[in-house]
Structures are given as C-alpha cells and as structure tokens.
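# Reading the structure
Spelled out, the chains give:
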Amino acid sequence: MTAGAPPGTVLDAVLHNPTRLAVAAFLSECAEAEFAVVRDHCQVSDSVMSKAASALEDAGYVEIRKGHVGKRSRTWLSLTSVGQGALARHVTALQEIVAAARNAAAGMRAE
C-alpha cells in the first residue's frame, strides 16, 4: 500500500521512477522503438536511458533487441506483455490515489 492511498493500492517500484514510467508509456503505444527515439522523447542522456532500459529489462517489462542498419549498430526496445500489465496496474494505482485525494478534499470543502 502507498501512503495516502486507498487500501489495496500498490505502486510498481520499477515504474515509480519517472524515466522508466515514461519509457514504458511510450513503448505501450508501439510495437518497437529505436533506443534513440525513446531517449529523445524522454529527454535524457544515453547513460540514463541505458540504465532505465536495463532496469525494465531486468524486471521483464522490456525486451531489448540489438542489430545493425547498414554498418551502424542499433538497439530497439519493446514492452513485453508483463510490462503492459504492470504499466496498466501502476496507472490504475496512480488514478486511485488522485481520486482518493480529490474525494477527501471535496469532503472537507463540504463541511
């Protein structure tokens, strides 16, 4: 359970990091994306992006595929079905926290 959240609400520790959450959210809308495209979307350095991708891969949320385009090596990322489920649960937990806080505040205004 997360402090200030409704009972049973659990945030995903892996996705709690903003960069990892942004990576997972980006990948949830595409089959696969090149490392540099995701990095640029997240507006982070190669090092930060690499660490985020590795953490997501270690959790089983992202698959990393390496290959070549011409003579240049490339890395592609894709969200796994486990990652899709984790992201959906994490977003639901965030929505529950926000809804509970808004409801509590609205109740205070009514008093």
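Here's what I pulled together on the structure shown here. (Residues numbered from 1 in each chain as written. Predicted model: local features only at pLDDT ≥ 70, side-chain atom pairs only at ≥ 80, totals over all residues. Heavy atoms only, no water.)

Looking now at the packing of helix α1 (residues 18–27) against helix α3 (residues 46–58). Contact pair α1 / α3: the axes reach a minimum separation of 9 Å and the direction vectors enclose 70°. Taken together, the axes of α1 and α3 are roughly perpendicular relative to one another. Between α1, through T19, R20 and V23, and α3, the contact on the second element is made entirely by V48, M49, A52, A55 and L56. When grouped by side-chain class, the residues that make up the contact of α1 with α3 number six nonpolar, one polar and one charged. (Axes fitted to C-alpha atoms, helices over the stretch in contact; angles between N-to-C directions. Helix = DSSP H or I, 4+ residues; strand = E, 2+ residues; numbered from the N terminus. Parallel < 35°, antiparallel > 145°, perpendicular 65-115°, else oblique. Contact = heavy atoms within 4.5 Å. Nonpolar A, V, L, I, M, F, W, Y, C, P; charged D, E, K, R; others polar.)

Here we come to the nonpolar core. Core analysis: the largest hydrophobic core is formed by 17 residues, its most contacted members being L15, V23, L27, V38 and L77. For this core, the secondary-structure elements that each account for two or more residues are α1, α2 (35–42), α3, β3 (72–79) and α4 (81–110). What V38 contacts, discounting residues up to four positions off in sequence, is V23, F26, L27, A33, M49 and L77. (Core = buried A, V, L, I, M, F, W, Y, C linked by side-chain atoms within 4.5 Å. Buried < 20%, exposed > 50% of the residue type's maximum accessible area, 1.4 Å probe, protein only.)

A separate point is the side chain of H90. Its place among the elements puts H90 in helix α4. For H90, the residues in contact, after removing those within four places along its chain, are L11, D12, L15, H16 and L21.

The next subject is the pairing of β3. As judged from the two bridges shared by strand β1 (residues 33–34) and β3, these two strands associate in the antiparallel manner. Looking at β3, one finds that E34 is bridged to W76. Taken together, the eight bridges between strand β2 (residues 62–69) and β3 define a ladder with antiparallel strand orientation. Note that in β3 the partner of K66 across the bridge is T75. Two successive antiparallel strands, β2 and β3, enclose a turn made up of two residues, where G70 displays a positive phi of approximately 65°. (Pairing = 2+ DSSP bridges.)

Attention now moves to the packing of aromatic side chains. According to the stated counting rule, one finds zero aromatic pairs in the structure shown. When the ring centre of W76 is taken as reference, the NZ or CZ atom of R65 above it lies at 4.2 Å. (Phe/Tyr/Trp six-rings, centres within 6.5 Å; stacked < 30°, edge-to-face > 60°. Lys NZ or Arg CZ within 6 Å of the ring centre and 35° of its normal.)

On inspection of all chains with the given rule, the structure shows four salt bridges. Note that R74 and E34 form a salt bridge whose closest N and O atoms lie 3.0 Å from each other. Here E34 lies in strand β1 and R74 lies in strand β3, a separation of 40 residues in the sequence. Overall, R74 belongs to the partly exposed group, its relative accessible area being 24%. (Salt bridge = Lys/Arg side-chain N within 4 Å of Asp/Glu carboxyl O.)

This paragraph deals with the sheet that holds β3. Backbone hydrogen bonds hold the strands of a sheet together, and the pairing may be parallel or antiparallel. Taken in spatial order, the three strands of this open sheet run β1-β3-β2, and their pairing is antiparallel. Looking at strand neighbours, the two that pair on one side only are β1 and β2, the edges of this open sheet. Set on the sheet, α1 makes contact with β1, β2 and β3; between it and β3 the angle comes to about 85°.

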